[in-house]
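Working through the structure, step by step
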Amino acid sequence: MDKLFKLKENNTSVRTEVVAGITTFMTMAYILAVNPSILSASGMDSNAILMATAIASAIGCFAMAFLANYPFALAPGLGLNAYFAYTVCGSMGYSWKVALFAVFVEGLVFIVLSLTNVREAIFNAIPTTLKKGVSVGIGLFVAFIGLQGANLVVASESTKVTVVNFRTNFNTVGIGALLAVIGTFIIAILYVKHVKGSILIGIVATWVLGIICQLTGLYKVDAAAGFYSLIPSWRSFDVTAISLTFGQCFNLKGLNINILDFIVIMCSFLFVDMFDTLGTLIGVANKAKMLDENGRLPRIKQALLADAIATSAGAILGTSTTTTFVESSSGVAEGGRTGLSSVVTGFLFLIAIIFAPVFTTIPGFATAPALIFVGFLMVSAVVEIDFNDLTESIPAYLCLICMPLMYSISEGIAVGVISYVIVNLVAGKAKKITPLMYVLALLFILKYIFL
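To start, this report covers the structure provided alongside it. Worth saying up front: this structure is predicted, and the values here are computed from it rather than measured.

Following the sequence through the fold, G133 ends up in helix α8 (residues 128–149). For G133, a relative accessible area of 0% translates into the label buried. C-alpha separation for the pair G133 and F185, spaced 52 residues apart in sequence, amounts to 27 Å. Not counting the four nearest positions on each side in its chain, G133 is found in contact with I385, A396, C399 and L400.

Spelled out as structure tokens, the structure:
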């Protein structure tokens with residue numbers, strides 16, 4: 001095991017990696033319920049999507065582990081699945097088979113870009129200060145996702161977002177939000193006490209408290225409002241459903257496809273996936289102290305290749321773009337440093353096929369404390385930004401603030417790159433801008449104009 005994953009070289013152990021892998025899975029398990037819910041709007045079978053989600057995630061995790069030996073987990077990405085279901089198959093009216101084929105082609109393009117060092121060059125071209133900004137931005141973004149998942153932050157007509165009113169719908173929204181607060185303090189206290197596995201313990205403890213609340217009547221099931229039973233129950237699951245989507249991305253006979261539409265669809269998947277993945281790798285790797293003195297990630301080519309392979313494999317199975325998950329940061333926070341952590345997460349995704357009813361019972365308010373606390377750990381990188389150099393700190397600030405507020409890692413990177421080029425040009429420091437940064441800034445601007 002040590003020879004395969006270089007545990008001693010990375011100052012870790014089997015126990016630490018296993019706990020990290022379990023923690024990452026627990027924070028990602030929601031995708032098993034959410035992805036089928038979203039993609040089924042395209043006309044696909046929900047059971048087939050769940051199977052495809054689990055298997056594609058496992059393939060991605062294993063590829064990341066054995067190709068790159070990194071603790072980064074993969075699964076079908078949120079946002080991209082919504083674009084798949086509601087835009088491509090909804091407003092544009094294309095069959096889900098066409099959408100899957102676009103994802104498959106995107107994966108092939110990614111494989112070529114990874115093997116030809118294009119994606120690695122983009123990663124290395126991003127200035128170190130911007131990479132710090134990306135790490136902080138992802139921390140804020142992850143925390144924001146956690147706050148929303150716990151319903152601590154809710155929608156508001158006047159201010160867009162606001163704090164939840166605990167007394168309104170206390171037995172559903174209110175009690176879940178309160179339990180999330182308690183769970184956050186559980187994790188914080190255990191972490192301060194240097195308890196191993198504190199994040200995982202916090203998730204389980206919050207879930208158990210939720211079950212107790214349900215048994216005592218404090219938490220009430222309201223499926224119509226999205227509040228389901230917290231008590232795991234066994235029900236039959238059709239594992240043969242995968243046949244309904246497997247290989248269907250190649251079954252395009254009789255389907256009308258506008259080539260220009262297809263190119264736009266494929267490029268949209270490609271653009272968002274590329275920069276979401278790069279941003280996640282930058283942020284999580286920075287937190288794990290994996291970047292070298294030049295801000296580069298060793299074995300970045302292998303990590304990007306794993307991501308590309310998982311995307312095409314996922315399309316063949318029957319799911320939208322599979323990408324590196326920002327929730328990997330929760331496993332890194334638990335000490336995960338090698339591919340063994342990803343292997344554990346991958347195996348749990350496979351096991352989840354059998355025990356899907358159990359894993360999909362984990363409520364959002366139970367995993368939210370982990371994301372909120374991981375946000376704190378990642379935001380700590382803000383002290384590494386040189387705020388005395390305004391040409392470095394202003395772009396980093398714009399990058400980190402746009403990620404949570406625009407609800408997109410790729411948008412944060414776009415704003416950061418464009419502002420870095422403009423600020424340094426105006427300040428007379430054009431010499432430190434690499435040619436690739438000019439190209440990226442131009443591409444981002446063109447994206448806003450045409451996509």
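Before going further, it helps to spend a moment on helix α19 (residues 435–450). Counted at 1.5 Å a residue, the expected span for α19 with its 16 residues is 22 Å, and the 23 Å between its end C-alpha atoms agrees. Where α19 is concerned, the buried positions are M437, L440, A441, F444 and K447. Angularly, the buried residues of α19 cover 120° about the axis, an arc narrow enough to put them on a single face. Turned more than 90 degrees off the buried face of α19, the exposed positions are P435, I449 and F450. Where α19 is buried, its residues touch α7 (118–125), α8, α11 (259–287) and α18 (409–426).

Right, let's get into α18. Spanning 18 residues, α18 covers 26 Å between terminal C-alpha atoms, matching the ideal 26 Å at 1.5 Å per step. Most of α18 sits out of view: 14 of its 18 residues are buried. Where α18 terminates, the next one or two residues include G428, which has phi positive at roughly 80°.

Within the largest apolar cluster, 130 residues are counted, with the highest numbers of intra-cluster contacts made by F72, F84, F275, L297 and F444. Counting residues per element, this core draws most heavily on α11, which supplies 13 residues. With sequence-adjacent residues up to four places away left out, F84 is seen in contact with L39, S42, M44, C89, W96, A99, L100, V103, F269 and S320.

Our focus in this paragraph is the packing of α7 against α11. At their nearest, the axes of α7 and α11 sit 11 Å apart, and the two run at 55° to each other. Regarding the angle of α7 to α11, the classification is oblique. Helix-helix and strand crossings are classified by hand; for α7 and α11 the assignment is right-handed. Contacts from R119, I122 and F123 of α7 reach α11 at M274, F275, T277, L278, L281 and I282. Split by residue class, the contact of α7 with α11 holds seven nonpolar, one polar and one charged.

Direction vectors running N to C along helix α3 (residues 31–39) and helix α5 (residues 80–91) enclose 20°, while the axes themselves pass 8 Å from each other. By the angle between their axes, α3 is roughly parallel relative to α5. Contact with α3, carried on its side by N35, I38 and L39, involves N81, A82, F84, A85 and Y86 of α5 and no other residues of that element. Tallied by class, residues from the contact of α3 with α5 come to six nonpolar, two polar and no charged.

It is worth spelling out a nonpolar patch on the surface at this point. A cluster of nonpolar residues, V439, L442, L443, I445, L446, I449 and F450, forms a patch on the protein surface that exposes about 670 Å² of accessible area. Tracing the backbone through its elements, the reader meets L443 in helix α19.

Parameters and conventions
Residues numbered from 1 in each chain as written. Predicted model: local features only at pLDDT ≥ 70, side-chain atom pairs only at ≥ 80, totals over all residues. Heavy atoms only, no water. Helix = DSSP H or I, 4+ residues; strand = E, 2+ residues; numbered from the N terminus. Buried < 20%, exposed > 50% of the residue type's maximum accessible area, 1.4 Å probe, protein only. Contact = heavy atoms within 4.5 Å. Expected span 1.5 Å × (residues − 1). Arc of directions from axis to C-beta. Core = buried A, V, L, I, M, F, W, Y, C linked by side-chain atoms within 4.5 Å. Axes fitted to C-alpha atoms, helices over the stretch in contact; angles between N-to-C directions. Parallel < 35°, antiparallel > 145°, perpendicular 65-115°, else oblique. Left-handed = near helix turned anticlockwise from the far one by under 90°. Nonpolar A, V, L, I, M, F, W, Y, C, P; charged D, E, K, R; others polar. Patch = residues over 30% accessible without salt bridge, like charges linked within 9 Å, V, L, I, M, F, W, Y side chains within 5 Å. Areas by Shrake-Rupley, 256 points an atom, 1.4 Å probe, with all protein chains shown as cover. Salt bridge = Lys/Arg side-chain N within 4 Å of Asp/Glu carboxyl O.

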